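Structural description and commentary
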Amino acid sequence: MVCPTLGIGGAEQLAVAYARGLQERGHEVEVVYGYTGSRVPEMTEAGVPSRFLSPRLLSPRTLPEWVRALRAVVREFDPDVLYAQSV
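Quantities reported herein were computed from a predicted structural model and do not represent experimental measurements. All residue numbers refer to position in the chain's written sequence, counted from 1. Per-residue local features are limited, in this predicted model, to residues with pLDDT of at least 70; the limit for side-chain atom pairs, both in listing and counting, is 80 or more; totals at the level of whole chains, interfaces and linings are taken over all residues. Side-chain descriptors were evaluated using all non-hydrogen atoms of the structure, hydrogens and water having been removed beforehand.

1. Concerning helix α3 (residues 63–77)
Counting along an α-helix, one turn takes 3.6 residues, and residues three or four places apart therefore face a common direction. Basically, it comes down to this: Each helix is a run of H or I in the DSSP string that is no shorter than four residues. Each strand is a run of E no shorter than two, and both are numbered from the N terminus. To estimate the expected span of a helix, subtract one from its residue number and multiply by 1.5 Å. In what follows, a contact means two residues having at least one pair of non-hydrogen atoms within 4.5 Å.
Along its 15 residues, α3 runs 20 Å from first to last C-alpha, staying within 8% of the 21 Å computed at 1.5 Å per residue. Taken together, the buried residues of α3 touch β1 (2–3), β2 (31–34) and β3 (50–54). One or two steps after α3, the chain reaches aspartate 78, where phi turns positive at roughly 55 degrees.

Here is the structure:
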């Protein structure tokens, strides 16, 4: 699951809820995010792994950096589905 940030917004809240729900149903889930991660402790407590992609906010200018980082995660994690929340 990809989310531009894991801050306090509604899209971030949904990403956390989706990740937790999927994991509770037996799916292997990892959330990748950038810029800010104030919801990471909540996910860690729920046992949902997360990975920081970039300290820079996702934008057309930072997209190449994000794509490179995301490709590395995909090669390592090898997901069946890649879900992007609010991208």
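2. Describing the environment of alanine 19
The residue alanine 19 is located in helix α1 (residues 10–24) in this model. Along the chain, alanine 19 and valine 74 lie 55 residues apart, while their C-alpha atoms are 17 Å from each other. Every residue in contact with alanine 19, bar those within four places of it in the chain, is listed here: Met1, Val29, Val31 and Val48.

3. Quick notes on the packing of aromatic side chains
Put simply, the rule reads: Aromatic rings from Phe, Tyr and Trp, with only the six-membered ring used for Trp, were paired whenever their centres fell within 6.5 Å, and each pair was classed as stacked if the ring planes differed by under 30 degrees, edge-to-face if by over 60, and tilted otherwise.
Here the structure, examined in full by the defined rule, presents two aromatic pairs. With centroids separated by 6.0 Å and ring planes inclined at 75 degrees, the aromatic side chains of tyrosine 18 and tyrosine 83 adopt a geometry described as edge-to-face. Taken together, the positions of tyrosine 18 in helix α1 and tyrosine 83 in the segment after α3 put the pair 65 residues apart, joining distant regions of the chain. Ring centres of tyrosine 33 and phenylalanine 52 lie 5.4 Å apart, and the angle between their planes is 65 degrees; on these two criteria the pair is classed as edge-to-face.

Bear in mind that shape data such as this cannot, by itself, settle questions of function.
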